[in-house]
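So you can see what is in the structure, the chains are spelled out below.
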Amino acid sequence: MESYNGFIGEEFLNMITPIASRYPYMVIPGNHEDFRNFTHYKSRFNLPVNDANEGTGMFYSFDMGYAHFSMIDSECLHDKDRED
């Protein structure tokens, strides 16, 4: 998402707008979003926060009907904003 100062991410999000504006979807960061502490990712998406993810939204779970979804990011250990 950070390529060319965010231009590539912006272009991608513009392309999916017709679908994303009609259908709900949830996101989770991956290995391409870790540039500069996930800055582009965090500025584009509002993620669920809770005590378990310490307010980062880098991993979370939710229920939809009878299904339970677990969103896990293996890259969250790269988040340099965290102080462990």
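Residues numbered from 1 in each chain as written. Predicted model: local features only at pLDDT ≥ 70, side-chain atom pairs only at ≥ 80, totals over all residues. Heavy atoms only, no water.

Draft legend 1. Spatial organisation of the environment of E33. Position of E33 relative to the elements: it lies in the loop between α1 (7-20) and α2 (39-44). Note on E33: relative accessible area 16%, which makes it buried. Taking C-alpha positions, E33 is 9.7 Å from G9, a pair spaced 24 residues apart along the chain. (Helix = DSSP H or I, 4+ residues; strand = E, 2+ residues; numbered from the N terminus. Buried < 20%, exposed > 50% of the residue type's maximum accessible area, 1.4 Å probe, protein only.)

Draft legend 2. Broad picture of a nonpolar patch on the surface. Taken together, the side chains of Y4, F7 and I8 define a hydrophobic patch exposed on the protein surface, amounting to about 380 Å² of accessible area. With respect to the helices and strands, the residue I8 is situated in helix α1. You can call I8 partly exposed: its relative accessible area is 39%. (Patch = residues over 30% accessible without salt bridge, like charges linked within 9 Å, V, L, I, M, F, W, Y side chains within 5 Å. Areas by Shrake-Rupley, 256 points an atom, 1.4 Å probe, with all protein chains shown as cover. Salt bridge = Lys/Arg side-chain N within 4 Å of Asp/Glu carboxyl O.)

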